Amino acid sequence: MLQNGIHCLPNHHNGTCGTARSPFYAELHAWSVAHGYSKEISMLRKVVLLSVLVVMLVAAASAFGRSKGHIASVVAGPEVGGKIAYTRNGGLWVYSGGEQHQLTAGPKDHLDKRDAAPSFSPNGTQIVYSRIDEGFSDLYLLDLANPSSPIALTDHRPNVEVGQVEIPGVTDGYNTLALWANFPAWSPVGDEIAYTSDVGYEYPALWSIAPNGVKNGKLAGGLDYSQQTIEHPTWSPDGKKIAVANYTGTTGHIAQIWVYNLTTQEWRAITDAKEGAYDPAWSPDGRWIAFTMREEGVHNIYVVSTDSSTWTDTYPTPVQLTRDGADRGARSPAWSTDSSSLAYISLKGVSFDLYAADFTVDAADNPSLEQSQQLTDNATIDATSGLSWGK
């Protein structure tokens, strides 16, 4: 559902525009009914399903088609330095040198399936991402020098047929075996990848895996994953903290930005947004966390200082960076590697496109965005999958 030019969070199936549950689960009911699980909805809470724009992406695929090695309807844009990874039409793309380059075409069967949530390695030569499939997802590692041969880091495909119902004491059902790995985030030194997974939980928790596929285990505890989840982890540049969009343990399960200290194993909320805050992105210089916040039904990019000594209240005061208006809205901020620029996605007409702007801080330490530039035109970018800006 589109309201005020931005996809509502998250109850788009029933025609309402709410904020209580994560958009990653809003597809659960529709998928369950479609696959004959309508009487097993309570059992299927473990099956975490697709991001909020799956329906939009499927429609976009029909309208624009999918190309292998060929880019359709792409115009040259301004040079902004480095490479920006994003998802469009079910595949991974990179904006570099003022041009769009397609890296993957997504799963062969594109219905309700896609590649999503790209994250660059610190040296900019690899991308880890999530491939969303039939009720499950896996992490893949792609080398930019050889994008046609991605390597699977996880294996969550159930070993039974789609639609297989659990027979107690005899066989597990598809929904029981289907597991998820999503929102990978490369650590600053490149030896670890944080991601969310529902292994051992009702809803996904924060886990860690090495780039070679060796699982390091659970990264963070202290939250009740029987009710809700976390999304979009982002590392502090010193590797000691991780910020997430947290839906569990918050008032009304409305998303807020929380930070986990890996040393003290403590959580701290840094937003108290009435309508929700999500898509956190920690600046490479460590001074800021950018995120999406919704106010009066409109999404925009905000930033808060990570220096708690400057806070005047329990939470830092969010500073609004974009003002795209009710007919557009903005999502998915991503920092340049030197923290001097911020990329984000904004709605233009019926298409989400890529934008970038200079991030400036004045003498009074007030941040702002200057000289915003549109990088793509009619790219139909997945607004919830996120961006990653690499070298």
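These numbers come from a predicted model, not from an experiment.

This paragraph deals with the pairing of strand β5 (residues 99-102). Side-chain positions along a regular strand alternate between the two faces of the sheet. By the alternation rule, side chains of β5 split into Q100 and Q102, which are all buried, and E99 and H101, of which none is buried. Alignment of strand β4 (residues 91-96) against β5, held across four bridges, turns out to be antiparallel. Bridge pairing in β5 places Y95 opposite Q100. The antiparallel pairing of β4 with β5 creates a hairpin that spans two residues between the two strands, and G97 there sits at a positive phi of about 60 degrees.

Note that P233 resides in strand β14 (residues 230-235). For the pair P233 and T196, spaced 37 residues apart in sequence, the C-alpha separation works out to 8.1 Å. Among all residues touching P233, those that are not within four sequence positions of it are F183, A185, A194, T196, L206, I242, A243 and V244.

The next thing to look at is the sheet that holds strand β12 (residues 205-209). A sheet is described by the order of its strands in space; here four strands give the open sequence β10-β11-β12-β13, paired in antiparallel fashion. Edge positions in the sheet fall to β10 (181-186) and β13 (215-218), since each of these pairs with one other strand and no more. Strand-to-strand twist in this sheet, taken as the mean axis angle between neighbours without regard to direction, amounts to 25 degrees. Here β12 pairs with β13 via three bridges, running antiparallel. Residue pairing across strands places S208 opposite G217, the latter belonging to β13.

Here the focus is the pattern of salt bridges. Overall, the coordinates contain six salt bridges when judged by the stated rule. For K113, the salt bridge identified is with D133, shortest N-O distance 3.3 Å. In this pair, K113 sits in the loop between β5 and β6 (114-120) while D133 sits in the loop between β7 (126-132) and β8 (137-143), placing the two residues 20 residues apart along the sequence. Here R114 ties to D382 by a salt bridge, and the two come within 2.0 Å at their closest N and O atoms. Residue R114 is found in strand β6, and its partner D382 is found in the loop between β25 (367-374) and β26 (388-390); the two are separated by 268 residues along the sequence. With relative accessibility at 0%, the residue D382 sits in the buried group.

Across the five residues that make up β12, a large majority, five, are buried. With burial as the criterion, each face of β12 is covered, one bearing A205, W207 and I209 and the other bearing L206 and S208. Sheet topology note: the strand β11 (residues 193-197)/β12 ladder contains five bridges and is antiparallel. Looking across to β12, one finds that I193 is bridged to I209. Count of turn residues in the β12/β13 antiparallel hairpin: five residues, of which G213 carries a positive phi of about 95 degrees.

Parameters at a glance
- The residue count restarts for each chain, going from 1 along the sequence in the order it is written.
- It should be noted that, the model being predicted, local features are given only for residues of pLDDT at least 70 and side-chain atom pairs only at 80 or more, the latter also being counted only at that level, while totals for whole chains, interfaces and linings use all residues.
- In computing side-chain properties, one takes all heavy atoms of the structure into account and sets aside hydrogens as well as water.
- Only protein chains enter the area calculation, which uses a 1.4 Å probe; residues under 20% of their type maximum are buried, those over 50% are exposed, and those in between are partly exposed.
- Each helix corresponds to a stretch of at least 4 residues labelled H or I by DSSP, and each strand to a stretch of at least 2 residues labelled E; elements are numbered beginning at the N terminus.
- When DSSP finds two or more bridges between two strands, those strands count as paired.
- Throughout, a contact is declared for two residues whenever any of their heavy atoms are within 4.5 Å.
- Helix axes use the C-alpha atoms of the stretch in contact, all axes being lines fitted to C-alpha atoms, and the angles between their N-to-C directions lie in the range 0 to 180 degrees.
- Between Lys or Arg on one side and Asp or Glu on the other, a salt bridge is scored when a side-chain nitrogen of the former is within 4 Å of a carboxyl oxygen of the latter.

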